[in-house]
Amino acid sequence: MNNTKSQELYNKGLKHLVGSVNSPVRAFKSVGGNPLFIKNAKGSKIYDVDGNEYIDLVLSYGPMILGHGNQHVIDAVTKQVNEGFSFGASTENEIILAEMVCAAFPGMDKVRFVNSGTEAILSAIRLARAFTKKNKIIKFAGCYHGHSDALLVAAGSGLVTYSLPGSAGVPDSAVKDTLIAEYNNIQSVKAHIEKHNDIAAVFIEPIAGNMGVVVPTDSFIKELRQITQDAGILLVVDEVMTGFRSKFGGAQDLLGIQADITCLGKVIGGGFPVGAYGAREEIMNHVSPLGSMYQAGTLSGNPVAMAAGISTLTELKAQNPYEKFNQQAEQLEKAMLDAAATNGIDLTVNRFGSMINPFFSKKTITNFTEAQECNTAQFTKFFWGLIANGIYIPPSQFEAWFLSSVISDEDMEKLEKGLNKAMRMLVHS
Ligand SMILES: Cc1ncc(COP(=O)(O)O)c(C=O)c1O
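Please read these numbers as outputs of a predicted model, since none were measured by experiment.

## Comments concerning helix H10 (residues 303-319)
Between its first and last C-alpha, H10 extends 24 Å over 17 residues, near the 24 Å set by a 1.5 Å rise per residue. Among the 17 residues in H10, 13 count as buried, and that is most of the element. One side-chain oxygen of the residue at the start of H10 lies 3.0 Å from the amide nitrogen of Val-304, identifying that residue as Asn-302. Two residues or fewer past H10, Asn-320 is found with a positive phi of approximately 40°.

## Regarding the layout of surface pockets
By volume, the second largest pocket is sized at about 450 Å³. Lining the second largest pocket are 21 residues; nearest its centre among them are Ser-90, Glu-94, Arg-112, Ser-300 and Gly-301. Mapped onto the lining of the second largest pocket, the elements with two or more residues apiece are helix H3 (92-104) and strand S4 (110-114). Among the residues forming the lining of the second largest pocket, the class breakdown is 9 nonpolar, 10 polar and 2 charged.

## Describing the side chain of Asn-350
Summarising the element assignment, Asn-350 is placed in strand S11 (residues 348-352). Taking relative accessible area as the criterion, Asn-350 reaches 10% and is therefore assigned buried. Of the polar contacts made by the side chain of Asn-350, one reaches the backbone oxygen of Ile-365; its length is 3.2 Å. For Asn-350, the contacting residues outside a window of four places in its chain are Val-213, Val-214, Met-355, Ile-356, Asn-357, Phe-359 and Ile-365.

## Remarks on empty space enclosed by the protein
Under the counting rule described, the total for this entry stands at 1 cavity of 30 Å³ or more. When its volume is computed, the largest cavity comes out at roughly 50 Å³. In terms of lining, the largest cavity is formed by Phe-105, Pro-106, Gly-107, Met-108, Gln-252, Gln-258, Ala-259, Asp-260, Ile-261, Thr-262, Gly-278 and Ala-279. Counting only elements with at least two residues in the lining of the largest cavity, the list comes to strand S9 (261-264) and strand S10 (275-279).

## Examining the site of the ligand
Every residue close to the ligand is listed here: Ser-116, Gly-117, Thr-118, Tyr-144, His-145, Gly-146, Glu-205, Asn-210, Asp-238, Val-240, Met-241 and Lys-266. Within the side chain of Lys-266, a nitrogen or oxygen atom sits 2.8 Å from an oxygen atom of the ligand. Within the complex, the protein chains bury 82% of what would otherwise be the 390 Å² of accessible surface of the ligand. A class-by-class count of the residues in the shell around the ligand yields 3 nonpolar, 6 polar and 3 charged.

## Concerning helix H11 (residues 322-342)
The terminal C-alpha atoms of H11, which comprises 21 residues, lie 30 Å apart, in line with the 30 Å expected from a rise of 1.5 Å per residue. For H11, the full list of buried residues reads Tyr-322, Phe-325, Gln-328, Ala-329, Leu-332, Glu-333, Ala-335, Met-336, Ala-339 and Ala-340. Buried residues along H11 cover an arc of 160° about the axis, so they all sit on one side. Along H11, exposed side chains directed more than 90 degrees from the buried face belong to Glu-323, Lys-334, Ala-341 and Thr-342. Buried residues along H11 sit against H10, S11, strand S12 (355-359), helix H13 (376-388), strand S14 (401-402) and helix H14 (409-427).

## Here we look at the nonpolar core
Side chains of nonpolar character tend, in soluble globular proteins, to be buried together. Of all hydrophobic cores here, the largest spans 66 residues; its most connected members are Val-101, Phe-113, Phe-244, Phe-382 and Met-423. Counting only domains with at least three residues in this core, you end up with domain 1 (4-65 + 321-428) and domain 2 (71-319). Beyond its immediate stretch of four places on either side in the chain, Phe-382 contacts Met-336, Pro-358, Phe-360, Trp-401, Leu-419, Ala-422, Met-423 and Leu-426. In terms of nonpolar packing, the next biggest core, distinct from the first, is built from 45 residues, Tyr-183, Met-355, Ile-365 and Ala-400 among them.

## Let's talk about the domain arrangement of the protein chain
Domains assigned within the protein chain are domain 1 (4-65 + 321-428) and domain 2 (71-319). A separation of 26 Å is found between the C-alpha centroids of domain 1 and domain 2. Taken together, the 32 residues of domain 1 in the interface contact 34 residues of domain 2. For the pair domain 1 and domain 2, the two sides together bury roughly 2500 Å², of which 62% comes from carbon and sulfur. When the area that domain 1 buries against domain 2 is broken down by residue, the three leading residues are Tyr-322, Phe-352 and Phe-368, summing to 27%. Applying the counting criterion to the domain 1 and domain 2 interface returns 0 salt bridges. Here domain 1 and domain 2 share 13 residue pairs in polar contact (both at pLDDT 80 or more) between them. Breaking the side of domain 1 that touches domain 2 down by element, the ones donating at least two residues are H11, S11, S12 and helix H12 (368-372). Of the residues belonging to the side of domain 1 that touches domain 2, the class tally is 19 nonpolar, 10 polar and 3 charged.

The rules we used
- Residues numbered from 1 in each chain as written.
- Predicted model: local features only at pLDDT ≥ 70, side-chain atom pairs only at ≥ 80, totals over all residues.
- Heavy atoms only, no water.
- Helix = DSSP H or I, 4+ residues; strand = E, 2+ residues; numbered from the N terminus.
- Expected span 1.5 Å × (residues − 1).
- Buried < 20%, exposed > 50% of the residue type's maximum accessible area, 1.4 Å probe, protein only.
- Polar contact = N/O pair within 3.5 Å; in protein donor to acceptor, adjacent residues only side chain to side chain.
- 1 Å grid on protein atoms, 1.4 Å probe; cavity = no way out; pocket = protein on both sides within 12 Å on 5 of 7 lines; lining within 4 Å.
- Points joined across faces, edges and corners; volume = space filled by probe spheres on them.
- Nonpolar A, V, L, I, M, F, W, Y, C, P; charged D, E, K, R; others polar.
- Contact = heavy atoms within 4.5 Å.
- Near = heavy atom within 4 Å.
- Areas by Shrake-Rupley, 256 points an atom, 1.4 Å probe, with all protein chains shown as cover.
- Arc of directions from axis to C-beta.
- Core = buried A, V, L, I, M, F, W, Y, C linked by side-chain atoms within 4.5 Å.
- Domains from an automatic or database assignment.
- Buried area = accessible area lost by both parts, 1.4 Å probe.
- Salt bridge = Lys/Arg side-chain N within 4 Å of Asp/Glu carboxyl O.

Right, here's the structure in full:
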């Protein structure tokens, strides 16, 4: 594979960009080597600057659920660009997207649009504290909720303890009210609730995607809903990744729970910067200008981003690709498990709807500790094997792969062949 131009750009970018990237997940740090630079993308494929073609299972880390360059989205965005980029004033499209989002989430009466998932979550922390007048929050090890101070907390194996900052620059004071629990372990949540009477909210990814895909057990998620409700603690469901991915609406609906506050991002902007947080009226009325919780944004509800969001959701509803996602994910799971068995490799595949990823481990993966125990050296080899076979996946064992609605039967054949070859390369290269 020729990646000369990517290498050249990477080296050039080092001078004025930090690590030549604008988000560390793009840096290929955990798989070695340097990042590919992308030139363009269309449909299910993405092309790097050297002209290599890949089937894209990164999809901008989730948003591009319709694949790249959907014509309806291009038309809507182009029309809006011609009418104006940003006004700093209200537009009808904000109301239309709000109606669409609230209709898809039972229990969400009102929504506030922001510019990223991170912003949605940090606003939800403030809102939960404003509503409950309590301070502490619980998060689960291995769940990522953006890079706000309070939730950038080391996951590690030190469970059910007061947390330590997970990033330089996060003061102890910023995380002193953050408690860590273990995913799929309801006792770890109960222990916090028994000990502390000032917990405002529990934050959870309803299907975890940031330790690789980890699905909650039915009893864990339902009990979590019950015990938070009984204790007057808000359940904040972070659907930044899962929103409109596993069904039209949220994963919480599929899991049979209802959030107090829901956070969204990624798909609702169709590739443009949009995040959102929403809840029932009595909670959202605490947000300024109706209430005293302040949150604002110069570009919030940006007209171009709203147009992209509306057209993406409209098209998604019309296509209804969710059953196809399940079938394709099942096919990919089987292909990987068969290839692993043939080559004597320990492998577990976790999936939910259009989110899937393999773990190089023979154990069931139900939490972050188990995810961290898998063989990342094998993942690294597998990653480069897939790249060599025209398949672009996230450069980390701990990221979900995503499916887009434009993956064709021909793409599926290519994927199955590539997965097979890359698995064989683990033992025969
Ligand atoms: C579940 C979840 N929450 C929040 C975020 C943060 O979103 P953003 O990167 O748009 O700030 C992410 C990003 O990957 C995410 O996966």
